Every structure is written in structure tokens, then in C-alpha cells.
Amino acid sequence: NAGVTQTPKFRVLKTGQSMTLLCAQDMNHEYMYWYRQDPGMGLRLIHYSVGEGTTAKGEVPDGYNVSRLKKQNFLLGLESAAPSQTSVYFCASSYLANEQFFGPGTRLTVL
Amino acid sequence: GQQLNQSPQSMFIQEGEDVSMNCTSSSIFNTWLWYKQDPGEGPVLLIALYKAGELTSNGRLTAQFGITRKDSFLNISASIPSDVGIYFCAGQTPNFGNEKLTFGTGTRLTIIP
């Protein structure tokens, strides 16, 4: 039982490049979330999903898109990366929208 | 977006000391969660609270759901080196269809040798 996994663990992009972060969970959870964590800012919700085929905006959605084509996967896309998107990105999942279980994070640097 | 007021922001203690931290909110919550994050890792759930006044323990950790439903407390007894990290509180408001948590900004715990 791997829990929540994230790919890749590290990535460096140039401004304007695009990339997709993958989150996978094997706990059959309905809810999945993408957060970013910046120093002194805590965890801020980017987008989330309440089930396969659904997505919704969180607190800081601008510059990101998401897709949930399969229940176990939640993809976070950056179409045109900016230095302000340098951050650590965490994916989480939960069964009942309360106890969220987090992945190990993806450290993204945009030059 | 709304953030919880978590205090203190940082703590410097000696091994063996007890630790107390708390979170307060202007909104009523129906769920309080406490997480710990080690350097370079994702947050790990420590304790979940679902009822006002509830007191729950997990080893040396004890958390309480405040009676007013606007606060929660976490205590760590007899701290050890592996307790070092950042502790986050998180709460969920009892709004219909609310699928999101609100997170505190964290308490960074450092143990002085």
C-alpha cells in the first residue's frame, strides 16, 4: 500500500515552459487536492476534486490546471511556468473530505 | 483565504520538556486535525478530533477540541529529538458541501541540545 505518491520529486523549469505533476493514490479515496507550500505561507489550496471527472478551484488557482480522468490520479498542469510558481507542491487525498493524507511533495524551481 | 491563527510560530526547548501549542479561529469548526511535517517530507496526520470537548491521545501527544469549537490544543509530553519538525493544525467548517480544510501557518519545534 503505497498511499499517495507524486512524480517527479524535483524539477527545474525555465520561464514559459510547461509541465505536468502527477499524483496517484491507492486508497480508493474520492477526494484529492493540490497544495503549494511557500515559506511563511503554510499550505494553500490550488485545486481539488470531489470525484472522478470533477475539479474545482481552491484558494490560488491562477496559472494552474488540473484533471481527474481516473479516480486514482490527479494531474496538476502548468501551461507557462513563472518564477512565482517556484514552490513545493503537495498532493493529498481523503475518503470523507476531512482526514487528508499527503504525498512526499514535488520541489519545483522556475528560473 | 482564511487562515487559522496558530501559536507560537516557533519553539526552542530542551529534550524532556513538555510542549503546548494552539490554534484559534474566528469560525466554528466541526473537525480539527493536527499534522507534523518533517524536513523534506509531506505532512503526516497525528490526531483527528470530531467533537467539542474531545480529548484524544496518540502516544505522548494529546490534542483537545475546544468547547467553543473555535480552538484546539496540542500537547507533547517529554519531548525527544524526533519531535523536531513543523506542526500544523487544520480545521473544517460545518458548511454543507464543504470539502476543504483550512490550515494554520505552523509551529516550528526545535530541540536545543
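This text follows the structure it describes.
Below, the structure is looked at part by part.

How each quantity is defined
Residues numbered from 1 in each chain as written. Chains lettered and ligands numbered in written order. Predicted model: local features only at pLDDT ≥ 70, side-chain atom pairs only at ≥ 80, totals over all residues. Heavy atoms only, no water. Pairing = 2+ DSSP bridges. Helix = DSSP H or I, 4+ residues; strand = E, 2+ residues; numbered from the N terminus. Axes fitted to C-alpha atoms, helices over the stretch in contact; angles between N-to-C directions. Contact = heavy atoms within 4.5 Å. Salt bridge = Lys/Arg side-chain N within 4 Å of Asp/Glu carboxyl O. Polar contact = N/O pair within 3.5 Å; in protein donor to acceptor, adjacent residues only side chain to side chain. Buried < 20%, exposed > 50% of the residue type's maximum accessible area, 1.4 Å probe, protein only. Lys, Arg positive; Asp, Glu negative; His and termini not counted. 1 Å grid on protein atoms, 1.4 Å probe; cavity = no way out; pocket = protein on both sides within 12 Å on 5 of 7 lines; lining within 4 Å. Points joined across faces, edges and corners; volume = space filled by probe spheres on them. Disulfide = S-S within 2.5 Å.

## Describing the sheet that holds strand β3 (residues 19-25) of chain A
Residue and element names in this part refer to chain A.
Then comes step 1: Spatial ordering of the open sheet is given by β1-β3-β8-β7, a layout of four strands whose pairing is antiparallel. Because the sheet does not close on itself, it has two edges, and the strands there are β1 (4-7) and β7 (65-67). Averaged over all pairs of adjacent strands, the angle between their axes in this sheet comes to 20°, without regard to strand direction.

## A word on the interface of chain B and chain A
Then comes step 1: In this complex, chain B contributes 21 residues to the contact, which on the side of chain A involves 22 residues.
Then comes step 2: At the junction of chain B with chain A, the criterion picks out zero salt bridges.
Then comes step 3: Linking chain B to chain A there are four residue pairs in polar contact (both at pLDDT 80 or more).
Then comes step 4: Breaking the side of chain B that touches chain A down by element, the ones donating at least two residues are β4 (31-37), β5 (44-49) and β9 (85-92) of chain B.
Then comes step 5: Broken down by element, the residue count for the side of chain B that touches chain A peaks at four residues, all from β4(B).

## Digging into the sheet that holds strand β6 (residues 55-58) of chain B
Residue and element names in this part refer to chain B.
Then comes step 1: A sheet is described by the order of its strands in space; here five strands give the open sequence β1-β3-β8-β7-β6, paired in antiparallel fashion. If you trace the sheet from one side to the other, it starts and ends with β1 (5-7) and β6, each paired once. Averaged over all pairs of adjacent strands, the angle between their axes in this sheet comes to 15°, without regard to strand direction.
Then comes step 2: In the sheet, β1 pairs with strand β3 (residues 19-24) via three bridges, with the strands oriented antiparallel. Following the sheet pairing, Ser7 is matched in β3 by Asn22.

## Some remarks on the side chain of A:Arg68
Residues and elements named next belong to chain A.
Then comes step 1: Along the chain, Arg68 falls in the loop between β7 and β8 (73-78).
Then comes step 2: Glu30 provides the closest opposite charge to the buried, unpaired Arg68, separated from it by 5.4 Å.
Then comes step 3: In terms of polar contacts, Arg68 uses its side chain to reach the backbone carbonyl oxygen of Lys71, at 2.7 Å.

## Re the pattern of salt bridges
Then comes step 1: A full pass over the atoms with the stated rule returns five salt bridges over all chains.
Then comes step 2: The shortest N-O distance in the salt bridge between A:Asp38 and A:Arg36 comes to 2.9 Å. Here the two residues A:Asp38 and A:Arg36 agree in accessibility, since each one is buried.
Then comes step 3: Its salt-bridge partner being B:Arg60, residue B:Asp83 comes within 2.8 Å of it at the nearest N-O pair. Of this pair, B:Asp83 sits in the loop between β8 (71-76) and β9 while B:Arg60 sits in the loop between β6 and β7 (61-65); the two residues are 23 residues apart in sequence, bridging distant segments of the chain.
Then comes step 4: Of the residues examined, B:Asp83 reaches a relative accessible area of 5% and is grouped as buried.
Then comes step 5: Here B:Arg60 falls in the partly exposed class, since its relative accessible area comes to 27%.
Then comes step 6: Overlapping salt bridges, with partners in common, bring together A:Arg36, A:Asp38 and A:Arg44 in one network.

## Considering the layout of surface pockets
Then comes step 1: Taken as a whole, the largest pocket spans an internal volume of roughly 500 Å³.
Then comes step 2: Looking at the largest pocket, it is lined by 25 residues, and the ones nearest its centre are A:Gln37, B:Gln37, B:Ile86, B:Phe88 and B:Arg108.
Then comes step 3: Elements represented by at least two residues in the lining of the largest pocket include exactly β4 (31-38) and β9 (87-94) of chain A together with β9 and β11 (107-112) of chain B.

## Remarks on the state of the cysteines
Then comes step 1: Summed over all chains, the structure comprises two disulfides over all chains.
Then comes step 2: Here A:Cys23 pairs with A:Cys91 through a disulfide, and the sulfurs are 1.9 Å apart. With the S-S dihedral at roughly -75°, the linkage between A:Cys23 and A:Cys91 falls on the left-handed side. Of this pair, A:Cys23 sits in strand β3 while A:Cys91 sits in strand β9; the two residues are 68 residues apart in sequence, bridging distant segments of the chain.
Then comes step 3: With relative accessibility at 0%, the residue A:Cys23 sits in the buried group.
Then comes step 4: The buried category is assigned to A:Cys91, whose relative accessible area is 0%.
Then comes step 5: Note that B:Cys23 is cross-linked by a disulfide to B:Cys89, the S-S spacing being 1.7 Å. Looking along the S-S bond of the B:Cys23-B:Cys89 disulfide, the torsion reads about -85°, which is the left-handed sense. Placement of B:Cys23 in strand β3 and of B:Cys89 in strand β9 is noted, with a sequence separation of 66 residues between them.

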